[in-house]
Amino acid sequence: MRVLITGGAGFIGSHLSDAYVARGEEVFVVDDLSTGSMENIAHLKRHPRFHYTIDTVHNHPVLAELIDECDVVFHLAAAVGVKLIVESPVRTIETNVRGTEVVLSLANKKKKKVLVASTSEVYGLSDQVPFREDGNLVMGATTKGRWSYACSKAIDEFLALAYWRERKLPTVIVRLFNTVGPRQTGQYGMVIPTFVKQALAGRPITVYGDGKQTRCFGYVGDVVGALARLMERDEAVGQVFNIGSSEEVSILELARRVKKLTQSDSEIVFVPYDEAYEEGFEDMPRRVPDTTKARSLVGFEATESLDGILKKVIEYHSGQ
Ligand code: UDP
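These numbers were taken from a predicted model, which means no experiment stands behind them. (Residues numbered from 1 in each chain as written. Predicted model: local features only at pLDDT ≥ 70, side-chain atom pairs only at ≥ 80, totals over all residues. Heavy atoms only, no water.)

Right, let's get into the packing of helix α7 (residues 191–201) against helix α12 (residues 306–318). At a closest axis distance of 10 Å, the pairing of α7 and α12 adopts a crossing angle of 60°. The orientation of α7 with respect to α12, classified from their angle, is oblique. Crossing hand, α7 versus α12: right-handed. Between α7, through I192, P193, V196, K197 and L200, and α12, the contact on the second element is made entirely by L306, L310, V313, I314, H317 and S318. Per-class residue counts for the contact of α7 with α12 are 8 nonpolar, 2 polar and 1 charged. (Axes fitted to C-alpha atoms, helices over the stretch in contact; angles between N-to-C directions. Helix = DSSP H or I, 4+ residues; strand = E, 2+ residues; numbered from the N terminus. Parallel < 35°, antiparallel > 145°, perpendicular 65-115°, else oblique. Left-handed = near helix turned anticlockwise from the far one by under 90°. Contact = heavy atoms within 4.5 Å. Nonpolar A, V, L, I, M, F, W, Y, C, P; charged D, E, K, R; others polar.)

So, in structure tokens, the structure goes:
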């Protein structure tokens, strides 16, 4: 099989590339290196079954050629990270909406199956925890930049589903919950690499808000395994799946665990959201997935515990 991964030099994309190369498949990556990096795919560069193109998904002729070459497309290229999104909303909206439009319209010409990576962010301010795929999406005000990410991804979902219903392009949508592991950078605001780097450097560990907000952190290896299995199943077409861990932890508790596991002397400090992001920033108080659907179809289980994941991330950053 020949697999195209947009955003393949990113954190999740590079792990997906590893998985397919290991399975003996031919992997094609397109990435503009805006948030991805060559370092993530350096170990694959000389592999005979790995090919990469540095370009944006907006480049029609390049993408058309790559889609032509491949049997299936994983569309992971997107603006990611709350910090980046708040700082660059134009880029977020344009990358996420236009990029998906291009990928779907070109894939449709050749009827190549597409998996679109969406996000748990689409549940927005919903309090129907754990979130189910058929639950309501509750968006905040358009004046709050954060929600542009959720809305742009919700449009991507609508478009992918519309292509399936109206044009019979096979599409699968995954809503990725907080996904973590080696190669994730803290540069765009992600909490675990940020805390680990702070703790290892003996700098203050910055808990935003009161730290009572909760998240579930899934291991990237579990996540990419689920993506590959969903891609194989006909029943997944035209469907949306939550993918993530169900081990819920508050951000304050996370800071304590990172401090303990790194044996760091760092102090834990609280930073108001307005200072961390922007005036009037709204956070999601709880984010927990219901993964029954993915479990029933492809046996999805999050196998790594939070402590196990933290140890791997600490080891990765200690060696950097
Ligand atoms: N967070 C934090 N300190 C940081 C970075 C993030 O307390 O240095 C918090 C953030 O406000 C959120 C949670 O950690 O409540 C997860 O943030 P992340 O950006 O990793 O992902 P999100 O779940 O917001 O998409």
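Let us look at the pattern of salt bridges. Under the definition given, this model contains 19 salt bridges. For R167, the salt bridge goes to E166, with nearest N and O atoms at 4.0 Å. The exposure class of E166 is exposed, given its relative accessible area of 62%. For K312, the salt bridge is made with E304, and the minimal N-O distance between the two is 3.2 Å. A relative accessible area of 30% means that K312 is categorised as partly exposed. Here the salt bridges share partners, and the residues they tie into one network are E121, R146, R215, D283 and R287. (Salt bridge = Lys/Arg side-chain N within 4 Å of Asp/Glu carboxyl O. Buried < 20%, exposed > 50% of the residue type's maximum accessible area, 1.4 Å probe, protein only.)

Quick look at unusual backbone geometry now. Following V129, the chain continues to P130 via a peptide bond in cis, the omega torsion being -5°. As for its position among the elements, P130 is in the loop between β5 (113–119) and α6 (147–167). A positive phi angle, near 60°, is found at K168, a position not held by glycine. Relative to the elements of secondary structure, K168 occurs in the loop between α6 and β6 (171–176). With a relative accessible area of 48%, K168 lands in the partly exposed category.

Glancing now at the site of the ligand. The immediate surroundings of the ligand are formed by 18 residues, with T206, Y208, R215, D283 and R287 found nearest. Y208 places a main-chain nitrogen or oxygen 2.7 Å from an oxygen atom of the ligand. Looking at the shell around the ligand residue by residue, the class counts come to 9 nonpolar, 5 polar and 4 charged. (Near = heavy atom within 4 Å. Polar contact = N/O pair within 3.5 Å; in protein donor to acceptor, adjacent residues only side chain to side chain.)

Moving on, we come to the packing of aromatic side chains. The final tally for this structure, using the stated rule, is 7 aromatic pairs. Ring centres 6.0 Å apart and planes at 35° place the aromatic pair Y123 and F177 in the tilted group. Taken together, the positions of Y123 in the loop between β5 and α6 and F177 in the loop between β6 and β7 (179–180) put the pair 54 residues apart, joining distant regions of the chain. Assessed through its relative accessible area of 1%, Y123 is described here as buried. Among the aromatic residues, those joined into a ring-pair cluster are Y208, Y273, Y277 and F281. A cation over an aromatic ring shows up here: K168 above the ring of W164, its NZ or CZ 4.6 Å from the ring centre. (Phe/Tyr/Trp six-rings, centres within 6.5 Å; stacked < 30°, edge-to-face > 60°. Lys NZ or Arg CZ within 6 Å of the ring centre and 35° of its normal.)

So, about the sheet that holds strand β11 (residues 239–243). Within the open sheet, the 7 strands sit side by side as β3-β2-β1-β4-β5-β6-β11. Their pairing is parallel. Looking at the sheet topology across the chains shown, the edges are occupied by β3 (50–54) and β11. Here the strands of the sheet are splayed against their neighbours by 20° on average, with no regard to which way each runs. Here strand β4 (residues 72–75) runs beside β5; their pairing, made up of 4 bridges, is parallel. (Pairing = 2+ DSSP bridges.)

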